[in-house]
Structure formats: C-alpha cells, structure tokens
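The lines below spell out each chain.
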Amino acid sequence: PDETWRAHVSRPGRAKRTLVVLEDLTPVRRAARARSDFLANASHELRTPLTALSGFIETMRGPAKDDKDSWDRFLAIMAGETERMSRLIADLLSLSRIESSEHVSPREREEFRHIVSDATHAFSAIAAEKGVNLVVKSDEGPLPVIAHRDEMIQVVENLVSNALKYSKAGGQVTLSFGMAPGMADARIKAAQSWASSERMTLLPAAGRPGTQERAIWMRVEDQGPGIEREHLPRLGERFYRADQSRGGKITGTGLGLAIVKHIMAHHRGGFSVETRIGEGSAFGVWLPAAREDEPSD
Ligand code: ADP
C-alpha cells in the first residue's frame, strides 16, 4: 500500500538531478504494531483475573459478609483466578527471557532422549487422572543435539500439555521422536501424514546453510477436536487462541505455542501442525542433530 512508502524528494530548484529515496516501512510498522498489540493483550489478560478477584473480595466484605456457606465456593474461584494469573506471568517471563537470551545464553551438547524423559515424567500422573493414554515411542540409538536444555524441555512440555488438555477421557496422546538423515526428512517424520488433513508450517527450519545434516524430529499427536483451518496460520502468535477454546471451559494463555515457535527458531529448527477436525492434531518440531565434533557454545 502507498502509505508504507515514504519518499524523500530533494527540491529540484535549478538542479539537474533529483534523488528519490524509497524506504519500505512495512516491517517497522508491523513490529511497532505487534509490540503495542502485545502490551494491550498482556494488560487485558492480567486485568481479567484481577477484576474477578477484586469483585469477590468486595462481595465477601459486603453483601456476602455473613454468608459463610458461599465463601468456600468463592475461595475456590479465587484460587483458580490466582493460578491463571501466575501461569500467565510465568509464560510472559519465559517469553521475554527467551527473546532476550536469543544471542547470549550458551547451548550444550544434550541427549534428546533425556530431554523428553525429563519433560514427560510429570505428565503420566496428569494423563492417568484424565483417563488419557500417554504413549512415548522413539528410534533407538543416541540423539545428540546442541540445545538449551530448559528451553527444549519447555517445548516438549508445552506440546504435551496442550495435547492432554484438548484430549477427552479414553483418548490417546502419542509422542514419537527420532533421528532423520536430513532436515527435510525430519520435517516429514514430524508430521502425522493423515490423508486429506490440513497442514501448516509455522516455522520453516533454517538449519545450517549449505549442509545436508542429520536432524532430530518429534511429533505429538492427539485425538482431540482438531483446529479449524482458518486458525492455523495464526497459531504461534502471542495470545492467539482458536475459537473453540475461547469462552469454553479450556483455559490457557495463548502463549504456549508462541514460546515453542521462538525456541525452535532459536535452535534453527522447524515447527509444524497437522490437523483433522473431529479426529485430532499433530504438532511436530525438528532441529539439526549435533555433529560428532561440534562444540557447545
Ligand atoms: P493455550 O494456552 O490457549 O493452550 P497455546 O499457545 O498453547 O495457548 O495454543 C494456542 C491455541 O491453539 C489454543 O488456544 C488452541 O485453540 C489451539 N491448540 C493448541 N494445541 C491444540 C491441540 N492439541 N488441539 C486443539 N487445539 C489446540
């Protein structure tokens, strides 16, 4: 659009030449817009539980002062709102830490298998409580990566916790991972490959320029509701929540996938989603495997 172009035109006067500098401001405007949207969303999301809390405090001090029977119910709601707020703050902190550490924090040689087991051990209890069958499968052999351990753990946690959250009792969540001969193969492995499903690459992998390198892939599949096609391109945007979860019983911050996307970009990896309405979703990530001689940062 015209307004995104700014022209500096020197006054021609009697000069024979005119210099015109055209500068594309679209990325600058987009970044400024994203920042102000983010602040507006963050403030709104924090204010919502606060408003609920202060409303209940008022009620308990005022009209319901002597209605001790209702207090338990109010306190349970207040505890839920407090938990929602701390989750939101924890996610915001992670996101800002990840963004600001993009070029500084060191990466170490890690075994991907250990990352997955550290991330998933807490989920077996949650899955059992919900009546969901959590299955973990992997290729044999070492799966070395140069990675931020805590960040990669968070990727696994966010994807598995979403899969469990959107699963119903009796459903299954399958986490698979392994090694592929190249980034492109890893990307294929990370997808479920259902026939006639919707598929979207949320982050194209960068890898190392000019190398055909081995890569680690991981796929988290569920048998949940699936995600409508129109939402797919926006998954991974901060605070974006697809319609079926807005106003529904399933709570969340809309930051989990944004965090995954950032971390995978940070690891020169990729991130994709594949989904079929009524049948389930499969989230996949992949990143370069560590070379034998590759040092930590
Ligand atoms: P939230 O905290 O809302 O789960 P996320 O960033 O993790 O935030 O996810 C963004 C949105 O993507 C969710 O609100 C939900 O609509 C959709 N989503 C994520 N994972 C799944 C899944 N496994 N099944 C269905 N929908 C999902």
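Residues numbered from 1 in each chain as written. Predicted model: local features only at pLDDT ≥ 70, side-chain atom pairs only at ≥ 80, totals over all residues. Heavy atoms only, no water.

Colleague: Sorry if this is basic, but what is going on with the packing of helix α3 (residues 112-120) against helix α5 (residues 149-165) here?
Modeller: Helix packing for two helices is described by the angle between their axes and how far apart those axes are. Their axes nearest at 9 Å, the elements α3 and α5 cross at an angle of 55°. Here α3 lies oblique to α5, going by the angle between them. You can see that α3 and α5 cross each other, and the crossing is right-handed. In this structure, α3 uses Phe112, His114, Ile115, Val116, Asp118, Ala119 and Thr120 to contact α5, whose residues at the interface are Arg149, Met152, Ile153, Val156, Glu157 and Val160. Among the residues making up the contact of α3 with α5, the classes are represented as 8 nonpolar, 2 polar and 3 charged. (Axes fitted to C-alpha atoms, helices over the stretch in contact; angles between N-to-C directions. Helix = DSSP H or I, 4+ residues; strand = E, 2+ residues; numbered from the N terminus. Parallel < 35°, antiparallel > 145°, perpendicular 65-115°, else oblique. Left-handed = near helix turned anticlockwise from the far one by under 90°. Contact = heavy atoms within 4.5 Å. Nonpolar A, V, L, I, M, F, W, Y, C, P; charged D, E, K, R; others polar.)

Colleague: Explain the layout of surface pockets to me, please; I cannot follow it from the model alone.
Modeller: By volume, the largest pocket amounts to about 740 Å³. Lining the largest pocket are 36 residues, and of these Ser161, Asn162, Lys165, Tyr166 and Gly252 sit closest to its centre. Listing elements by their share of the lining of the largest pocket, those giving two or more residues are α2 (68-100), α5, α7 (256-266) and β10 (280-288). No other element matches α5, which puts 8 residues into the lining of the largest pocket. Residue classes in the lining of the largest pocket are distributed as 14 nonpolar, 15 polar and 7 charged. One number sums up the size of the second largest pocket: a volume of about 580 Å³. In this structure, the second largest pocket is lined by 21 residues; those nearest its centre are Ala34, Phe38, Gly236, Glu237 and Arg238. Of all the secondary-structure elements, those providing two or more residues to the lining of the second largest pocket are α1 (26-61) and α7. Counting residues per element, the lining of the second largest pocket draws most heavily on α1, at 9 residues. The residue makeup of the lining of the second largest pocket, split by class, is 8 nonpolar, 3 polar and 10 charged. (1 Å grid on protein atoms, 1.4 Å probe; cavity = no way out; pocket = protein on both sides within 12 Å on 5 of 7 lines; lining within 4 Å. Points joined across faces, edges and corners; volume = space filled by probe spheres on them.)

Colleague: Explain the environment of Asp293 to me, please; I cannot follow it from the model alone.
Modeller: Mapping Asp293 onto the fold places it in the segment after β10. Taking relative accessible area as the criterion, Asp293 reaches 65% and is therefore assigned exposed. Spatially, the C-alpha atom of Asp293 lies 37 Å from that of Arg238, the residues being 55 residues apart in sequence. (Buried < 20%, exposed > 50% of the residue type's maximum accessible area, 1.4 Å probe, protein only.)

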